[in-house]
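Next come the chains, spelled out residue by residue.
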Amino acid sequence: MFKSDNTSGVHPKVLKAIEEVNFEHESAYGEDSVTKKAIEKFRSVFEKDVDVFFVTTGTSANVIGLSGALLPYEGVIAPVTAHINVDECGALERYAGNKIIQIQTEDGKINPEMIVDTLIVLGDEHAVQPKIISISQVTELGTLYEVDEIKALADFAHKNGLYLHVDGARIANAVCALNSSFKEMLTDTGVDLVSFGGTKNGMMIGEAIVVLNDNLKGRYHFYRKQGMQLVSKMRFISAQFLAYLDGVWEENAKNSNEMARYFANELEKFDQIKLKSKVRANMIFAYMPKDLINVLHEKFAFYVNDEKEGLIRLVTSFDTTKEDIDLFINEIKNYYNK
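Residues numbered from 1 in each chain as written. Predicted model: local features only at pLDDT ≥ 70, side-chain atom pairs only at ≥ 80, totals over all residues. Heavy atoms only, no water.

**Q** Sorry if this is basic, but what is going on with the packing of helix H1 (residues 12-20) against helix H11 (residues 235-267) here?
**A** Each pair of packed helices can be summarised by the angle the axes make with each other and by the distance between the axes. Direction vectors running N to C along H1 and H11 enclose 155°, while the axes themselves pass 8 Å from each other. Here H1 lies roughly antiparallel to H11, going by the angle between them. In this structure, H1 crosses over H11, and the sense of that crossing is right-handed. Contacts between H1 and H11 involve Lys13, Val14, Ala17 and Ile18 from the first element and Phe236, Ala239, Gln240, Ala243, Val248 and Glu251 from the second. Split by residue class, the contact of H1 with H11 holds seven nonpolar, one polar and two charged. (Axes fitted to C-alpha atoms, helices over the stretch in contact; angles between N-to-C directions. Helix = DSSP H or I, 4+ residues; strand = E, 2+ residues; numbered from the N terminus. Parallel < 35°, antiparallel > 145°, perpendicular 65-115°, else oblique. Left-handed = near helix turned anticlockwise from the far one by under 90°. Contact = heavy atoms within 4.5 Å. Nonpolar A, V, L, I, M, F, W, Y, C, P; charged D, E, K, R; others polar.)

**Q** Explain the sheet that holds strand S8 (residues 274-275) to me, please; I cannot follow it from the model alone.
**A** Whether parallel or antiparallel, the strands of a sheet pair through hydrogen bonds between backbone atoms. One open sheet holds the four strands; their spatial order is S8-S9-S11-S10, and the pairing between them is antiparallel. This sheet does not close on itself; its edge strands, each paired only once, are S8 and strand S10 (303-306). Summarising the sheet, S10 and strand S11 (residues 311-315) pair through three bridges and their orientation is antiparallel. When the bridges of S11 are listed, Val304 appears paired with Ile312. Along the sheet, H11 makes contact with S8, strand S9 (283-287) and S11, crossing S9 at roughly 15°. (Pairing = 2+ DSSP bridges.)

**Q** Explain helix H13 (residues 322-337) here, please?
**A** Note: α-helices contain 3.6 residues per turn, so residues at a spacing of three or four share the same orientation. In this model, H13 (16 residues) spans 22 Å end to end at C-alpha, consistent with the 22 Å of a helix rising 1.5 Å per residue. Those residues of H13 lying buried are Ile325, Phe328, Ile329, Glu331, Ile332 and Tyr335. Angularly, the buried residues of H13 cover 145° about the axis, an arc narrow enough to put them on a single face. In H13, those exposed residues whose orientation departs by more than 90 degrees from the buried face are Glu323, Leu327 and Asn337. Elements that come into contact with the buried residues of H13 comprise H11, helix H12 (290-297) and S11. (Expected span 1.5 Å × (residues − 1). Buried < 20%, exposed > 50% of the residue type's maximum accessible area, 1.4 Å probe, protein only. Arc of directions from axis to C-beta.)

Structure (structure tokens):
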């Protein structure tokens, strides 16, 4: 199963954390002691007095996070490949009514130069007003923003009266890949808002809206409730983050990244297979013959991004092993040795 990193199970320490809070009674709706500890843990990791709001899914984190910083006539600048643009069924537009202003990009990344022209309409009452720049880290194409690239986007955003949002569904993989930290990558660069993921890296369920910009604080309690994401027994999400942020995130991300590199190295041994780009985190994009894709699909689950070009996506998880990958590689060997 190489479809995605959310097809894996749950890390044992995360499961144990859930079990450990399944006793006694606690206040509901985030007023419990576990949630309060988890929020303090986030503040310790970010080294900033951030506001933290736990929700159930990445889409809810993105939509509630973004909509909480937008007026009705404002929009979000994002790569055309962005998850909010392609994979969330128009949730932002449907729920918040805000437009996504798409930027064409070949590698899933955007930079200030690519955004400049979208700001020409600022002040024009006939046009949607750009207000947030949203980037994914890791991007949907497996690429990474270097820390200084994030800072450049934040500086550009603030200079022009905009916010910078990071869709961090795989933020742990990015931090490990760049040998960075959450503080260095997000706090120190000036990011305003983060959708902080855990489900793709060994948690059962739960994401977090992390608010770094003081001007955005004080509103998200209401947006989360109105967005139907105020979980009653929130301690079962919060407990996962307590375990996750206590080293599990790093252990898991390092393994999935390492397995992706191993996978890529093995694939490159075949002349008929070409990697689309260098593997930076835990996603691999590779071109291979269509007949081979069909054979592999009989035994393995993965996405075909472009059937015409034979482009596939392979994703490794926190519990992926070399043995898992070797099964895939051996199938390729058998195909060419038959």
